[in-house]
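Secondary and tertiary structure notes
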Amino acid sequence: MGHLESDSIQTYGAAPVTLHMANKAIELPNGTKAFYLAEGGANIIYKIVVPEGTVADGTTRMKGKNPFSGKLLRLRKSIDSGTPYQETMRNFDSLIRPLFRDDELVDQTMIRLPMGFISQCNDQLHIDEACNRRPKSRHGVYLSTKEAYGLLITDMTPTPGSGTCLWEFKPKWLLQSPSAPINAKRCRTCALREMKNFDARLAGERDNQSFCPLDLVSDNFEDVWRATKSMKGTHGRLRVARFLHRNSTLLKLQAWQQQLNAVGLPGLQAHLRERAVSMTLRDCSMYVRVPEDEREPLEIRLGDLDFKSGTGGKLQYWRDTENRLINEGWYSGNRRCQAPTECALQGARADLRLSINAKLKENRPLDGATKSLGE
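A brief look at the structure comes next. Since the model is a prediction, treat every value here as computed from it, not as a measurement.

Considerations on the nonpolar core
One finds L216, L244 and L281 to be the most contacted residues of the largest nonpolar core, which totals 35 residues. Where this core is concerned, the elements lending two or more residues are helix 2 (85–96), strand 7 (165–169), helix 6 (221–228), helix 7 (237–244), helix 8 (248–259), helix 10 (272–280), strand 8 (285–290) and strand 9 (299–303). For this core, the leading source of residues is helix 8, giving 4 residues. A domain-level breakdown of this core finds at least three residues from each of domain 1 (33–52 + 67–155) and domain 2 (166–355).

Looking at the packing of helix 6 against helix 7
Where helix 6 contacts helix 7, the axes come no closer than 9 Å and their chain directions differ by 130 degrees. By the criterion of interaxial angle, the relationship of helix 6 to helix 7 is oblique. Pair helix 6 / helix 7 crosses with right-handed handedness. Between helix 6, through F221, V224, W225 and T228, and helix 7, the contact on the second element is made entirely by R237, L238, V240, A241, R242 and L244. Along the lines of polarity and charge, the residues of the contact of helix 6 with helix 7 split into 7 nonpolar, 1 polar and 2 charged.

Examining the pairing of strand 8
Summarising burial for strand 8: 6 of the 6 residues are buried, a large majority. Where strand 7 meets strand 8, 5 bridges bridge the pair, whose relative direction is antiparallel. Bridged to F169 within strand 8 is M286. Note that strand 8 and strand 9 share 5 bridges and pair antiparallel. Bridge pairing links Y287 to R301 in strand 9.

Rules behind the numbers
- Residues numbered from 1 in each chain as written.
- Predicted model: local features only at pLDDT ≥ 70, side-chain atom pairs only at ≥ 80, totals over all residues.
- Heavy atoms only, no water.
- Core = buried A, V, L, I, M, F, W, Y, C linked by side-chain atoms within 4.5 Å.
- Buried < 20%, exposed > 50% of the residue type's maximum accessible area, 1.4 Å probe, protein only.
- Helix = DSSP H or I, 4+ residues; strand = E, 2+ residues; numbered from the N terminus.
- Domains from an automatic or database assignment.
- Axes fitted to C-alpha atoms, helices over the stretch in contact; angles between N-to-C directions.
- Parallel < 35°, antiparallel > 145°, perpendicular 65-115°, else oblique.
- Left-handed = near helix turned anticlockwise from the far one by under 90°.
- Contact = heavy atoms within 4.5 Å.
- Nonpolar A, V, L, I, M, F, W, Y, C, P; charged D, E, K, R; others polar.
- Pairing = 2+ DSSP bridges.

Here it is, written out as structure tokens:
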């Protein structure tokens, strides 16, 4: 895999500083243009165009690979639970990168930002809000002016005119929560979605419908096909479903979730780093690039693997959420407001999933995880 050699110290109890981090970060050239692409709760993604004739250190372009080719720029928002990018990179390099092959990950490289770059981006966000070009749910939160770095990440967006499309989804919890009742009729993800939909209806807001994560790792192709109906993508759904069925990267993610299982109420007592890795693996995104030509292979990568440290009130939120799911009966699926849903733990498919949960309770391993973090 190329990550367990002497250039990084593989210890679980701390976030070691690797040689990758010790080297001076490359620099974003002055005059770089940033174009808003998308955003989540903690970061904003930009397409970038660097000035002709410059490279990462601001000098004339040298022979060799352009470090900005095939990359997007990710910038950190100013939020209470935000993590400085230097810490993000230390955690990613030491504790996330070793779990997967390079070609399974949306890679990220730290880059130093020129003076005033963040302020310019924030000014543009204000303009975009005034012109209704930024989603209203994101208004009022801007980039951190205290952050000196950005992250260059693998660009999975299709090349215009290529006919390629991108499928994007969050696998979420591919296993049941260890806090769930043994006879639960909802997995953790479906239970949480139904609880949030109940709260949304009380507030006069719309429901959010999605797939059951347990379908993604089912032996049954029809279950995977069912899950793809709720994913973001344009063409090639049958190809995507076939590609995801027993996909090695997806099964590896599930296996690591089984091994790194410091979640639910028991996870609240775990070591901070163990809990953070466990939650990170349950809130990442999966990107599948689908070429128009059916003879060309599909590409799959995992991204959004920032540490979920529990800071900024998140730990209390996780505790309160899990207690609500248990005490209010959302796992049981017997509340009057809970109509039949997409969850694999109900209906005709329930027996298979319950047998899998029983196997996990006995700590019998799933295929895919072949080493521990300490190796």
